Amino acid sequence: MATRAFISGCQGLALTPEERAFFRDAEPWGLILFGRNIESPDQIRSLCGQFREAVGRSDAPVLIDQEGGRVQRIRPPLASAHPAAAAYGRLYEIDPQGALTAARLGAELLGAELSSLGVTVDCLPVLDLPAQGMTDAIGDRAYASAPEAIARLGRAVIDGLLAGGALPVVKHMPGHGRATVDSHFHLPRVTADRDTLEATDFRPFRALADAPIGMTGHIVFEAIDPDQPATLSAAVIGGIIRGHIGFDGLLLTDDLSMKALSGGVGDSAARAFVAGCDVALHCNGAMSEMLEVAAAAPRLEGRSADRAARALALLGPRAEVDVAALAAARDQLLESASV
């Protein structure tokens, strides 16, 4: 069924009549949930069902940022307490195989919890390589301080999420770890030369270039495009993300309502599509902005539609998972190293 190339948020615990009508008419590819949309398991399932009914697609993706640590939209007692990514990195330093097993188990637990609620896409893993002295917007959301460790842990998380019934999204392409400011509020600029970036920041993404979905970062790489952030830059998307990194999955923008981008969200969406993004992501649930993004979003067709279909095809029937056993096995591995 035809759909438009954007993902939207919503305001509350259930869709309003205005939101139902908007989703029916605008036909977004997906919905993204935040803490404001979370109250109980049955309520989350109902909200996901309302969205899918409105767009007329039973497989319409519902996304969430459920990383663990400080970025966890569904919190106990509605979901397990998940550690920040850095916990797996600390274990990796002393027991690499144990850390990979723990990361995979933890991600399978995440996927199983989300899929049981009707949420089918987790915006994880974070593949950003942290640099000393930079903003803590990434901080302990990063798995490690070495590209190889990040890539190996990221692979374990991708495998675990898929096993649990959720699609992964690698972020923030092609790397957010050198940002000196938080892109939620300001536009970061990176001055490192391309050779340095290829040897460091870009490496985890290149190692996981076969991921089904990726998300851009609102960050300027002066050595590649001194004028436009990655989300709006054909040079970064075509030359680095699609070119050097070799990513051919579905490419989402980061949230277009973040303050790093100037101008209106509709204009940002239009520029992102011209630059090469497949799908525009807009998160704040403000209807006036949702209308702007929808007006700028083309039909999801051609290679973008193929990438979306290829990603959704990875979601099989949800298997029953013993979440308590997964949590216990993961925690035992982490505790064995006093992480």
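All chains use their own residue numbering, which begins from 1 and follows the written sequence. Side-chain atom pairs in this predicted model are given and counted only at pLDDT of 80 or more, local residue features only at pLDDT of at least 70, and totals for whole chains, interfaces and linings cover all residues. Water and hydrogen atoms were dropped before computing side-chain values, which therefore reflect all heavy atoms in the structure.

A.B. asks: Would you mind going over the sheet that holds strand β3 (residues 62–64) with me for this structure?
C.D. replies: Strand pairing in a sheet is mediated by backbone hydrogen bonds. Such pairs are either parallel or antiparallel. Strand pairing requires that DSSP identify at least two bridges connecting the strands. Secondary structure elements are taken from DSSP: a helix is a run of H or I of four residues or more, a strand is a run of E of two residues or more, and numbering for both begins at the N terminus. Read across the open sheet, the 6 strands follow the order β7-β6-β3-β2-β1-β13; overall the sheet is parallel. Only two strands of the sheet have a single neighbouring strand rather than two, namely β7 (167–168) and β13 (280–281). In this structure, strand β6 (residues 121–122) lies alongside β7, joined through 2 bridges in parallel fashion. Note that in β7 the partner of D122 across the bridge is P168.

A.B. asks: Explain the nonpolar core to me, please; I cannot follow it from the model alone.
C.D. replies: The nonpolar side chains of soluble globular proteins are, as a tendency, buried together. In this structure, F23 and L33 are the most contacted members of the largest nonpolar core, which totals 104 residues. Only heavy atoms enter the contact rule, under which two residues are in contact if any of them lie within 4.5 Å. If we skip the residues at most four places from it in the chain, L33 touches I38, I44, L47, C48, V62, L63, I64, R73 and V119. Note on terminology: a nonpolar core comprises buried Ala, Val, Leu, Ile, Met, Phe, Trp, Tyr and Cys residues joined through side-chain atoms within 4.5 Å. Throughout, exposure labels follow a simple rule: accessible area from a 1.4 Å probe, protein chains only, divided by the maximum for the residue type, with under 20% read as buried, over 50% as exposed, and the rest as partly exposed.

A.B. asks: Would you mind showing me how to read the pairing of strand β10 (residues 213–216) here?
C.D. replies: Every second residue of β10 is oriented toward a common face, with I213 and M215 on one face and G214 and T216 on the other, all of them buried. Bridge count between strand β8 (residues 170–173) and β10: 3 bridges; the pairing is parallel. Paired with K171 across the two strands is M215, which belongs to β10. Relative to strand β12 (residues 250–252), β10 runs parallel, the two sharing 3 bridges. The partner of I213 across the bridge, within β12, is L250.

A.B. asks: Any chance you could explain the pattern of salt bridges here in plain terms?
C.D. replies: Pairs can form between side chains of opposite charge once their charged atoms are near each other. By convention in these notes, a salt bridge is any Lys or Arg side-chain nitrogen within 4 Å of a carboxyl oxygen on Asp or Glu. For the structure on display, the rule yields 20 salt bridges. For R189, the salt bridge identified is with E222, shortest N-O distance 2.8 Å. Residue R189 is located in strand β9 (residues 189–190), and its partner E222 is located in the loop between β11 (220–221) and α8 (234–244); the two are separated by 33 residues in the primary sequence. Among the residues examined, R189 registers a relative accessible area of 35% and is labelled partly exposed. On the basis of relative accessible area, E222 is assigned to the partly exposed category, the value being 32%. We note a salt bridge from R271 to D267, for which the minimum N-O separation is 3.5 Å.

A.B. asks: Sorry if this is basic, but what is going on with the environment of A144 here?
C.D. replies: For A144, the position within the fold is in the loop between β6 and α5 (147–164). Taking C-alpha positions, A144 is 23 Å from A328, a pair spaced 184 residues apart along the chain. Ignoring anything within four residues of it in the chain, the contact list for A144 reads L129, P130, A149 and I150.

A.B. asks: I'm lost on unusual backbone geometry in this one. Help?
C.D. replies: Here the amide bond leading from P76 into P77 is cis, since omega sits at 5 degrees, within 30 degrees of zero. Looking at where P77 falls in the secondary structure, it is placed in the loop between β5 (71–72) and α3 (85–94). Following K171, the chain continues to H172 via a peptide bond in cis, the omega torsion being 0 degrees. On the secondary structure map, H172 appears in strand β8.

A.B. asks: Please explain helix α9 (residues 265–275) as it appears in this structure.
C.D. replies: Each full turn of the α-helix corresponds to 3.6 residues, which orients residues three or four apart in the same direction. Taken as a whole, α9 has its buried residues at V265, G266, S268, A269, A272, F273 and A275. Check the buried side of α9 and you find it contacts β1 (4–8), α8, β13 and α10 (287–296). Immediately downstream of α9, the backbone of G276 shows phi near 125 degrees, a positive value.

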